[in-house]
Amino acid sequence: MAMRDKIERAIQMQPCTVRDLKAKFGGDRAADRKVMDALDELVREAVVCQREGVFFTVRSGRKDKALLCNVVKLGKTFGFVMLEDGSGDIFIPGRLMKGAMPGDRVLVEKLAHPRVEGSDEGEILAVLEEKNSLVGTTRRISGRLVFVPDDCPAISMQILRDSEGGAKDGDKVAVEIRSRGMRQEDHRVAVVMRFGSSDEAKRCAKALLYARDVHVRFPEEVRDEAKKLEGATVSEAEAAGRMDLRALPIFTIDSAETKDIDDAISLNQTPDGFELGVHIADVSNYVKPGTALDNEAFSRATSVYYADQVVPMLPKQLSNGICSLNEGELRLAFSCLMHLDKAGKLVDYKFVKSVIRSRVKGVYSEINALLAGTADRETQYKYAEVAAQLPAMKALYTLRAGLRRERGCMDIESGEVKLILDENGRCIDVKKRVQGESEAMIEEFMLLANQCAAHFARTKQVPFVYRVHEEPNSEKLERLHTLLQACGINDHFAKEVPEPKELSAILEGVKGTPYEKIIHTGLLRCMSKAEYQAEPKGHYGLVLKDYAHFTSPIRRYPDLAIHRILTAMLGGMDKETLTVSYSDFAEKVSKQSSAQEVVAMQIERRAEDCYKAEYARAHIGEHREGTISGVTQKGVFVELDNGVEGFVPVGSLTATGALLTEGVRLSDPVSGKQWALGDRLMITIVRADVNLGKIDFEAAAPVTFSEKK
């Protein structure tokens, strides 16, 4: 049979890549050339067509049906792919996965007759781009060391015998797939990095960073540029031409452990209101476009914070040095100077390049003690230079908080926790973070400066990076209605999309009730995710027409980007030149920063889960009381009072089975017992998997429950 006919028949049977065809019919240079000549001839005559390097017969009709997708989830017997445009996902039966792995770029065809009517089900035609770098755990099974990926713990792959890299049973490792089979279990891998025991949260956290390509170490070129700023100070020549604010009693307020201090405040109460200054580190003065520092900052887009660690966006010579508004040090700043009236309403503002000197490195807990009148003499002495501003701060915040409530801003509690680590980096305690008065003040003052920055750019109609929070979509609203109905809360709103004021009223109505935590969490999940965009679409949650991120340029690239644009505006650049210079820049920054923010958030959450599991592992067998925070057919999730959450299987609650009602209640039809969202439940900690960040509870006798009403 001629080579042309062989290739056509092979492609009729199954779409093929050039590599597939060469493997099947080539083998040496002459045979490979024959394959390519025959393939070129078939394409010229339109007998076959290709897309993304995969060849089809025209008669198969697959050309227009082939969809570009990315593998996003993999189970033991199935997978899910997401359409490349993000418009939806497709279920793939295991036998049609072709060994594809999470992160692979694939070509998919939908099945004409899915097993579940109305659903999207398909088969992978070909793997276009392979993601061969994986992170997971080594396990010794039947004497062989195998690799279990984090992204698909239901499968395992054999590690090549000469490529174990010194890994031991239970190690957290990174591997490369060296050869692929038609099933995931047939892939063969080599260990390329060992992180240590998967029973240690700090090792798991390092693996999470590696898996998402977040580097602790900066590239050499970046380090070289940063070294030039080692121990740098601000000279009088650099300060020249800037507004000199050294006479103002400016100070910073942060957590005690904060080293990258990028915001400071000053406040003066006047007969007609308040003069508020928000002074931000002028990072754009040191990080110039086109430098290695700037390129790396753009790539990272954000600092990543977890436990007691930070992977900074900028090297420490900047983040902890010349850009940090350290106490007593002369620093270049970008100041937003605001005038507010006696009611706390913003009257006017202006942005200026300034030079400042922070009088005190303020600490939230100490400021809270001063405001409450409980500070000791040593603390009072520390803040003597700025103490006169504290009553004015409190007065202004009280007014601003009232205006915030008036416009219907939702104060949704995020349930953040503080992880307490020992000297070896092990989690020994978990505590709920409680926002004090000074934390709320700083948040409100920073919000004001952010609002001014966005208003300035929008009214001048120049390119900018806005912080956008759109109203919830129909799917999220349906979830919200279900939750409210299940909790017996009125879900009728004046319009199809509820006003933030209406949701704020619901939050106020559940205060102090068993549903308070559940509604806060539920509302948070029903909200659209805030992101960066180059168009000013407003902020739904904050009920603001104008919002951007201006106040954290050390740790967020969008803030640095808009500092650069604002600097050009203050320098007199006209609108037309600004548009040409920054339109594409604003679009790219918005896209990159939104994507990297998601990556950072996923790392931080998964790392926190690992640390919580490490804490729970030291308390196995202990009885604790918690609140039911989630209900499924298989059991309930219980959150302990310190924020640690675990799963109680239904078999631990009842031996006779239970019925799920509206996703908020499990009912035992035999005994009449119920377990509903918000109920308190005594549990026993029975298992904790640090590697996966999962904790298992069992109901402790006696079981508490709510009687069916």
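Residues numbered from 1 in each chain as written. Predicted model: local features only at pLDDT ≥ 70, side-chain atom pairs only at ≥ 80, totals over all residues. Heavy atoms only, no water.

Enquirer: Give a description of the environment of Glu625 that names residues and reports values.
Expert: Assignment of secondary structure puts Glu625 in strand E27 (residues 623-632). A residue is classified by how much of its surface remains accessible, and Glu625, at 36% relative accessible area, is partly exposed. Taking the C-alpha atoms as reference points, Glu625 and Met682, 57 residues apart in sequence, are found 4.4 Å from one another. Discounting chain neighbours no more than four positions away, the residues touching Glu625 are Leu640, Asp641, Arg680, Leu681 and Met682. (Helix = DSSP H or I, 4+ residues; strand = E, 2+ residues; numbered from the N terminus. Buried < 20%, exposed > 50% of the residue type's maximum accessible area, 1.4 Å probe, protein only. Contact = heavy atoms within 4.5 Å.)

Enquirer: Now, about the packing of aromatic side chains: what can you tell me, with residues and values included?
Expert: Scanning the entire structure with this criterion turns up 14 aromatic pairs. Between Phe80 and Phe91 the ring centres are 5.4 Å apart and the planes differ by 70 degrees, which places this aromatic pair in the edge-to-face class. One end of the pair, Phe80, is in strand E5 (residues 78-83); the other, Phe91, is in strand E6 (residues 89-93), with 11 residues separating them in the sequence. A relative accessible area of 26% means that Phe80 is categorised as partly exposed. Note on Phe298 and Tyr557: the rings are 5.6 Å apart at their centroids and 85 degrees apart in plane angle, and the pair reads as edge-to-face. Of this pair, Phe298 sits in helix H7 (residues 292-300) while Tyr557 sits in helix H16 (residues 557-570); the two residues are 259 residues apart in sequence, bridging distant segments of the chain. According to the relative accessible area criterion, Phe298 is partly exposed, its value standing at 26%. Three or more aromatic residues link up through ring pairs in this structure, and these residues are Phe334, Tyr349, Phe351, Phe456 and Phe550. A cation sits over an aromatic face here: Arg300 above Phe218, 3.8 Å from the ring centre. If you follow Lys353 out to its NZ or CZ, it ends over the ring of Phe334, 5.0 Å from the centre. (Phe/Tyr/Trp six-rings, centres within 6.5 Å; stacked < 30°, edge-to-face > 60°. Lys NZ or Arg CZ within 6 Å of the ring centre and 35° of its normal.)

Enquirer: Could you give an account of the environment of Gly290, with specific residues and numbers?
Expert: Mapped onto the fold, Gly290 is located in the loop between strand E17 (273-281) and H7. On the accessibility criterion, Gly290 (62% relative accessible area) is exposed.

Enquirer: With reference to specific residues and values, describe the packing of helix H4 (residues 201-211) against helix H17 (residues 575-617).
Expert: Packing of H4 against H17 leaves a shortest axis separation of 9 Å and a crossing angle of 165 degrees. Classified by the angle their axes make, H4 and H17 are roughly antiparallel. In this structure, H4 meets H17 at a crossing whose hand is right-handed. Across the interface between the two elements, Ala201, Lys202, Cys204, Ala205, Leu208 and Leu209 of H4 pack against Ile603, Arg606, Ala607, Cys610, Tyr611 and Glu614 of H17. The residue inventory of the contact of H4 with H17, partitioned by class, reads 9 nonpolar, no polar and 3 charged. (Axes fitted to C-alpha atoms, helices over the stretch in contact; angles between N-to-C directions. Parallel < 35°, antiparallel > 145°, perpendicular 65-115°, else oblique. Left-handed = near helix turned anticlockwise from the far one by under 90°. Nonpolar A, V, L, I, M, F, W, Y, C, P; charged D, E, K, R; others polar.)

Enquirer: Residue-level account of a negative patch on the surface, with values.
Expert: A contiguous patch of negative charge, built from Glu470, Glu471, Glu496, Glu499 and Glu531, is present on the exposed surface. Along the chain, Glu499 turns up in the loop between helix H13 (474-486) and helix H14 (500-509). (Patch = residues over 30% accessible without salt bridge, like charges linked within 9 Å, V, L, I, M, F, W, Y side chains within 5 Å. Areas by Shrake-Rupley, 256 points an atom, 1.4 Å probe, with all protein chains shown as cover. Salt bridge = Lys/Arg side-chain N within 4 Å of Asp/Glu carboxyl O. Lys, Arg positive; Asp, Glu negative; His and termini not counted. Charge placed at Lys NZ, Arg CZ, Asp CG, Glu CD.)

Enquirer: Let's hear about the sheet that holds strand E31 (residues 665-667): which residues, and what values?
Expert: Strand pairing in a sheet relies on backbone hydrogen bonds. The paired strands run either parallel or antiparallel. Overall, antiparallel pairing links the 3 strands, which are arranged E30-E31-E32 in an open sheet. Two strands lie at the open edges of the sheet, namely strand E30 (659-661) and strand E32 (674-676), each paired on one side alone. Averaged over all pairs of adjacent strands, the angle between strand axes in this sheet comes to 20 degrees, irrespective of strand direction. The pairing of E31 with E32 spans 3 bridges and is classified as antiparallel. Counted as the bridge partner of Arg665 is Ala676 from E32. (Pairing = 2+ DSSP bridges.)

Enquirer: Go over unusual backbone geometry with me, naming the residues and quoting the values.
Expert: In this structure, Asp213 takes a positive phi of about 60 degrees despite not being glycine. Residue placement: Asp213 occurs in the loop between H4 and helix H5 (220-227). Here the phi dihedral of Ala307 falls at roughly 45 degrees; this positive angle occurs in a residue that is not glycine.

Enquirer: Before we move on, could you go through the sheet that holds strand E11 (residues 157-159) and cite the residues and values that matter?
Expert: As summarised here, the arrangement of the 5 strands in space is E9-E10-E11-E13-E12, forming a closed barrel in which the pairing is mixed. Looking at each pair of strands side by side, their axes are set apart by 50 degrees on average, direction ignored. Sheet topology places strand E9 (residues 133-141) next to strand E12 (residues 171-179); 5 bridges connect them, and they run antiparallel. Bridge pairing in E12 links Val135 to Ala174.

Enquirer: Got a sec to walk through helix H1 (residues 3-13)? Specific residues and values, please.
Expert: All buried positions along H1 are accounted for by Met3, Ile7, Glu8, Ala10 and Ile11. Each buried residue of H1 lies within a common arc of 160 degrees when the element is viewed along its axis, so the set occupies one face. Turned more than 90 degrees away from the buried face of H1 sit Arg9 and Met13, all of them exposed. Residues of H1 that are buried sit in contact with strand E1 (16-17), helix H2 (18-25), helix H3 (29-44), strand E2 (48-51) and strand E3 (54-57). (Arc of directions from axis to C-beta.)

Enquirer: Any chance you could break down the nonpolar core for me, citing the residues and the numbers?
Expert: Within the largest apolar cluster, 89 residues are counted, with the highest numbers of intra-cluster contacts made by Leu318, Met338 and Phe550. Take this core: its biggest share by element is 11 residues, from helix H12 (residues 437-460). Beyond its immediate stretch of four places on either side in the chain, Phe550 contacts Ile280, Phe334, Cys336, Phe351, Ala449, Asn450, Ala453, Asp559, Ile562, His563 and Leu566. Leu209, Val304, Val636 and Ile683 belong to the second largest nonpolar core, which has 64 residues in total. (Core = buried A, V, L, I, M, F, W, Y, C linked by side-chain atoms within 4.5 Å.)

Enquirer: Now, about the pattern of salt bridges: what can you tell me, with residues and values included?
Expert: This model, assessed by the stated rule, comprises 42 salt bridges. Among the ionic pairs, Arg183 bridges to Asp186, the shortest N-O distance being 3.2 Å. Look at Arg183 and you get partly exposed, because its relative accessible area is 47%. With its nearest N and O atoms 2.9 Å apart, the salt bridge here joins Arg359 to Glu385. Taken together, the positions of Arg359 in the loop between strand E21 (346-357) and strand E22 (361-363) and Glu385 in the loop between helix H10 (377-382) and helix H11 (389-406) put the pair 26 residues apart, joining distant regions of the chain. The class for Arg359 is partly exposed, based on a relative accessible area of 23%. Look at Glu385 and you get exposed, because its relative accessible area is 52%.

Enquirer: Report on the pairing of strand E20 (residues 330-340), specifying residues and quantitative values.
Expert: Along E20, 10 of the 11 residues are buried, which leaves the element largely enclosed by surrounding structure. Strand direction decides the pairing type here: E17 and E20, joined by 8 bridges, are antiparallel. The residue of E20 that forms the bridge with Gly277 is Leu337. Direction of pairing for E20 relative to E21: antiparallel, over a ladder of 11 bridges. If you follow Leu330 over to E21, its bridge partner there is Arg357. The antiparallel hairpin formed by E20 and E21 contains 5 residues in its connecting segment, where Gly344 sits at a positive phi of about 85 degrees.

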